[in-house]
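So the chains spell out like this:
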Amino acid sequence: MDLLALADFNLVARHSGFGKASRAAGRPKATLSRRVADLEASLDLRLFERGARTLKLTEEGRALFERTGFLLTELDETAKAIASGGHSPRGRLRISAPLLFSQTAVGKLAAGFVLRYPEVRLEITTEDRAVDMIEEAYDLVIRVNPEPDATLVGRVFLRDRLVLVASPHLTPPTSGSLVPAISRGSLNESEAWQVTTSSGKSTINAKPVLSLSSFVMVRDAVRMGLGAARLPLSLASGDLAAGTLVHWGDVSGPETALWALYPSRRLLSPRVSAFLDYLKEAFPQGTADELAAYVAD
């Protein structure tokens, strides 16, 4: 198989078109089209469905792209590492991270990493959805409590938990009373929150009065005294220490775990290894208090 033709096929597939691939690589569009046609002829397969204005991978083309893209990347990185005389992190590193972690910590993390490894071109996007790492060309993803995935491996680098907080001006609940609540996500008629306090476990009946899409917005609304809310401890700890919020209890349920994941069939590149080590250095214990201190510093 012609590796140059395979590389050009991956270039076109990654950019979803000959024109975009041509502009990105500074290569003639006609050359890319000819190489892809030669590859299709040698394999006796159609790799793209060509429309008047669209170009779409066939099922065979998608399988070839998924199985060869990472191999070509590894070959390229190995050649660059040998040429440079070592394995110093360099090149593009694409990461997907969840919204809250991005809002509170990623800017500082990203800047510190690039200052240490200036030859890395770091790109971080914020998404709460589970991105397709191969299809969307990500090297690493950070996910919250991810579903098991046999194609991914990684490690937990942070743990957090939810606490029930409110403004000190909001009257604490009494037995059977409804508490005005600020929720993240859909607005329900009522909710029953299971919490643990120094006195033991209890149930707090809540009536959501406001729904917001991010925990940062929820925290800001709680500060205004509109209602109580469940917040990650790392996000609320600064306000709890300052007295601008008060702790009504720990929310019952599993901890929140942040995972750094990468494809299981892919050899770790120096830049991915370096970022994983940097996460471990930033959060050696991986606790909520550690994240809160990192954000507040």
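Figured I'd write up the structure that's included with this text. Here the structure is a predicted model, which means the values were calculated and not measured.

Another aspect to go through is the overall build of the protein chain. Counting its secondary structure elements, the protein chain contains nine helices and 13 strands. On C-alpha atoms alone, the protein chain measures out to a radius of gyration of 25 Å, which is more than a quarter above the 19 Å that the 2.2 N^0.38 rule sets for 297 residues. Here the C-alpha coordinates of the protein chain stretch approximately 75 × 45 × 30 Å along the principal axes. Expressed as a percentage of its 297 residues, the buried residues of the protein chain come to 42%. Considering only contacts within the protein chain whose residues lie at least 6 apart along the sequence, 73% involve residues at least 24 apart. Accessible surface, the protein chain: about 16000 Å² in total, of which carbon and sulfur atoms supply 53%. Here the protein chain carries 35 positive and 34 negative side-chain charges, and the mean point of each set is 4 Å from the other.

The subject of this paragraph is the pattern of salt bridges. A side chain of one charge can pair with a side chain of the opposite charge when the charged atoms of the two come close. Following the criterion strictly, the structure yields 16 salt bridges and no others. With a closest N to O distance of 2.6 Å, Arg129 and Glu136 form a salt bridge. Here Arg129 falls in the partly exposed class, since its relative accessible area comes to 42%. Classification of Glu136 as partly exposed rests on a relative accessible area of 25%. Here Asp139 and Arg271 are joined by a salt bridge, their closest N and O atoms 3.6 Å apart. One end of the pair, Asp139, is in the loop between β4 (120-126) and β5 (140-144); the other, Arg271, is in helix α8 (residues 270-282), with 132 residues separating them in the sequence. Each member of the pair Asp139 and Arg271 is classed as buried.

With that out of the way, let us pick up the nonpolar core. One finds Leu93, Phe101, Leu109, Phe113, Leu140, Phe157 and Phe283 to be the most contacted residues of the largest nonpolar core, which totals 28 residues. For this core, the elements supplying multiple residues, two or more each, are β3 (91-97), α5 (99-116), β4, β5, β6 (152-160), β13 (256-263), α8 and α9 (288-296). For Leu140, the residues in contact, after removing those within four places along its chain, are Arg94, Ile95, Ser96, Met133, Ala260, Leu261, Tyr262, Val272, Phe275 and Leu276. Counting residues in each nonpolar core, the second largest holds 18 residues, with Leu11, Ala13, Leu32 and Leu57 among its members.

Bringing α8 into the picture now. Taking 1.5 Å per residue as the helical rise, α8 with its 13 residues ought to reach 18 Å, and the 18 Å between its terminal C-alpha atoms agrees with that figure. For α8, the full list of buried residues reads Arg271, Val272, Ala274, Phe275, Leu276, Tyr278, Leu279 and Ala282.

All right, on to empty space enclosed by the protein then. Under the criterion given, the structure shown has two cavities of 30 Å³ or more. Roughly 30 Å³ of volume is contained in the second largest cavity. Taken together, Ile95, Ala97, Phe101, Val106, Leu109, Ala110, Ile124, Ile142, Phe275 and Leu279 make up the full set of residues lining the second largest cavity. Within the residue set of the lining of the second largest cavity, elements represented by two or more residues are β3, α5 and α8. When residues in the lining of the second largest cavity are grouped by element, the largest group, four residues, is from α5.

What follows deals with the sheet that holds β3. The five strands are arranged β4-β3-β5-β13-β6 in an open sheet whose pairing can be described as mixed. Every interior strand has two partners, whereas the edge strands, β4 and β6, have only one. Within this sheet the neighbouring strands show an average axis-to-axis angle of 20 degrees, counted without direction. Pairing of β3 with β5, which is carried by two bridges, proceeds in the parallel orientation. Bridge pairing in β5 links Ile95 to Leu140. Docked against the sheet, α5 engages β3, β4, β5, β6 and β13, running at close to 175 degrees with respect to β4.

What follows concerns the sheet that holds strand β8 (residues 178-184). In space, the six strands of this open sheet follow the order β8-β10-β9-β12-β7-β11, with mixed pairing throughout. What marks the edges here is a single partner per strand, and that holds for β8 and β11 (229-232). When strand polarity is set aside, the average angle formed by the axes of neighbouring strands in this sheet is 55 degrees. As paired strands, strand β7 (residues 162-166) and strand β12 (residues 246-251) are joined by four bridges and run antiparallel to one another. Residue Leu164 lies in a different strand from β12, and its bridge partner there is Gly249. Each of β7, β11 and β12 touches helix α7 (residues 233-242); the most contacted strand, β11, lies at about 105 degrees to it.

Of note in this structure, Ser16 is not a glycine but carries a positive phi near 60 degrees. Despite not being glycine, Asp44 has its phi angle at roughly 55 degrees, a positive value. Residue placement: Asp44 occurs in the loop between α3 (29-43) and β1 (48-50). Its relative accessible area of 67% is what places Asp44 among the exposed residues.

Conventions used here
Residues numbered from 1 in each chain as written. Predicted model: local features only at pLDDT ≥ 70, side-chain atom pairs only at ≥ 80, totals over all residues. Heavy atoms only, no water. Helix = DSSP H or I, 4+ residues; strand = E, 2+ residues; numbered from the N terminus. Rg over C-alpha atoms; globule rule 2.2 N^0.38 Å. Buried < 20%, exposed > 50% of the residue type's maximum accessible area, 1.4 Å probe, protein only. Contact = heavy atoms within 4.5 Å. Areas by Shrake-Rupley, 256 points an atom, 1.4 Å probe, with all protein chains shown as cover. Lys, Arg positive; Asp, Glu negative; His and termini not counted. Charge placed at Lys NZ, Arg CZ, Asp CG, Glu CD. Salt bridge = Lys/Arg side-chain N within 4 Å of Asp/Glu carboxyl O. Core = buried A, V, L, I, M, F, W, Y, C linked by side-chain atoms within 4.5 Å. Expected span 1.5 Å × (residues − 1). 1 Å grid on protein atoms, 1.4 Å probe; cavity = no way out; pocket = protein on both sides within 12 Å on 5 of 7 lines; lining within 4 Å. Points joined across faces, edges and corners; volume = space filled by probe spheres on them. Pairing = 2+ DSSP bridges. Axes fitted to C-alpha atoms, helices over the stretch in contact; angles between N-to-C directions.

So yeah, pure geometry; function would need other evidence.
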